[in-house]
Amino acid sequence: MIAAMLDTEEAARVVAPSGKGSAKVVVVMPAHNAAQTLEQTVEAIPDAWVDEILLVDDASSDGTVDVARSLPVHVVWHPHNVGYGGNQKTCYLQALQRNADVVVMLHPDGQYEPSIIPQLVEPIVRGEADVVLGSRFLIPGGAIAGGMPRWKWLANRVLTTLENRLMGTELSELHTGYRAFSRQLLLSVPFLRNSLDFAFDSELLMQASYFGFRFHEVPCQTKYFDEASSVSLRQGIVYGIKTLWTGLRLVLHRNGVWRSRKFAR
């Protein structure tokens, strides 16, 4: 499916679109118990836009690794569960080792639409952005229509508003799991110092903001269903508290009151 893993004759027929150019695009998939949805998600990835797919399995118990090995996907597996943030650390390190110019994080649970990968990649290739977020709130009513629980919708709105004020941004959503990063951003931002849990997401975006990297958003739609990964209410509360704490540390660091290694190179 992916050009780099096809035989020579097939690969010759996969021509990179002009919007991608010569940039190497690697899709990373942080996986935990995604066996039921993985194949369908991989099949929906637009081949011409992606050079490699890398799946990092976080000690799944449902055969995710076996399914991944039957697909045109590079597989890395953790013998022990290290959490969502820990999984992403491996994803980005591996992508950098594979000389990726653009890294797209796509959840393997089918919640986000792979078809918009070109829109995530193009602003980075054109040199207009360093991080591109797939926002569920650029489409009016899109998040609720996609099945987002109302408590998550409210928490998302409150946290995004507060974070925009702390970061000096005007983004419609800062809690999407659909993101693309430039190689330069991942080489510059000290993401290895971040949390092992869901707070990793907020920490990485605040780091990108602090170091002056450029943001861009594209609309995306999501689907909530039984097999899709989900954050529990308790996890959501912990995530919200950690996000606000990271925002406070950002302000204190920026003003020289209390320095943080997360915002130091």
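Refer to the structure above for everything that follows.
Since the model is a prediction, treat every value here as computed from it, not as a measurement.

Visitor: Explain the overall build of the chain here, please?
Guide: When you go through the chain residue by residue, the secondary structure sums to 10 helices and 7 strands. Relative to the globule expectation of 18 Å for 265 residues, the C-alpha radius of gyration of the chain, 18 Å, shows essentially globular dimensions. Its C-alpha atoms give the chain principal-axis dimensions of about 60 × 40 × 40 Å. A buried classification covers 52% of the 265 residues belonging to the chain. The contacts in the chain between residues at least 6 apart in sequence include a share of 74% that link residues at least 24 apart. Taken as a whole, the chain presents about 12000 Å² of accessible surface, with 54% of it coming from carbon and sulfur. In the chain, which carries 25 positive and 27 negative side-chain charges, the distance between the mean positions of the two groups comes to 12 Å.

Visitor: Sorry, what's going on with the pairing of strand 1 (residues 25-31) here?
Guide: Moving residue by residue along a regular strand, the side chains alternate between the two faces of the sheet. Burial analysis of strand 1 places 7 of its 7 residues in the buried class, which makes it a mostly covered element. Side chains of strand 1 alternate between two faces, with Val-25, Val-27, Met-29 and Ala-31 and Val-26, Val-28 and Pro-30 buried alike. Two strands pair when backbone bridges link them, and strand 1 and strand 4 (residues 102-105) are joined in this way by 4 bridges, in the parallel orientation. In the strand pairing of strand 4, Val-25 is matched with Val-102. In this sheet, strand 2 (residues 52-58) lies alongside strand 1 in parallel orientation, the contact comprising 6 bridges.

Visitor: Would you explain the packing of aromatic side chains in this entry?
Guide: What describes a pair of aromatic rings is the distance from one ring centre to the other and the angle between the planes of the rings. Within this structure, the stated rule accounts for 8 aromatic pairs. Seen from their ring centres, Trp-245 and Trp-258 are 5.9 Å apart, and the 70° between their planes marks the pair as edge-to-face. Taken as a pair, Trp-245 in helix 10 (residues 233-254) and Trp-258 in the segment after helix 10 lie far apart in primary sequence, 13 residues in all. Since its relative accessible area comes to 43%, Trp-245 is described here as partly exposed. Looking at Trp-258, the relative accessible area reads 41%, which means it is partly exposed. Feature note: the residues Tyr-92, Phe-181, Phe-191 and Phe-200 constitute an aromatic cluster, connected by ring pairs. Its end group placed over the ring of Phe-137, Arg-157 keeps NZ or CZ at 3.6 Å from the ring centre. Its guanidinium or amino end placed over the ring of Trp-258, Arg-249 lies 3.7 Å from that ring's centre, counting from NZ or CZ.

Visitor: What exactly am I supposed to notice about unusual backbone geometry here?
Guide: Generally, phi is negative for residues other than glycine and the peptide bonds are trans, each holding for most cases. Notably, Asn-33 is not glycine yet its phi reads approximately 55°, a positive angle. The residue Asn-33 is located in the loop between strand 1 and helix 2 (38-43) in this model. You can call Asn-33 partly exposed: its relative accessible area is 33%. Phi is positive for Ala-59, which is not a glycine, with a value near 55°. By the element assignment, Ala-59 lies in the loop between strand 2 and helix 3 (64-69).

What counts as what
- Residues numbered from 1 in each chain as written.
- Predicted model: local features only at pLDDT ≥ 70, side-chain atom pairs only at ≥ 80, totals over all residues.
- Heavy atoms only, no water.
- Helix = DSSP H or I, 4+ residues; strand = E, 2+ residues; numbered from the N terminus.
- Rg over C-alpha atoms; globule rule 2.2 N^0.38 Å.
- Buried < 20%, exposed > 50% of the residue type's maximum accessible area, 1.4 Å probe, protein only.
- Contact = heavy atoms within 4.5 Å.
- Areas by Shrake-Rupley, 256 points an atom, 1.4 Å probe, with all protein chains shown as cover.
- Lys, Arg positive; Asp, Glu negative; His and termini not counted.
- Charge placed at Lys NZ, Arg CZ, Asp CG, Glu CD.
- Pairing = 2+ DSSP bridges.
- Phe/Tyr/Trp six-rings, centres within 6.5 Å; stacked < 30°, edge-to-face > 60°.
- Lys NZ or Arg CZ within 6 Å of the ring centre and 35° of its normal.

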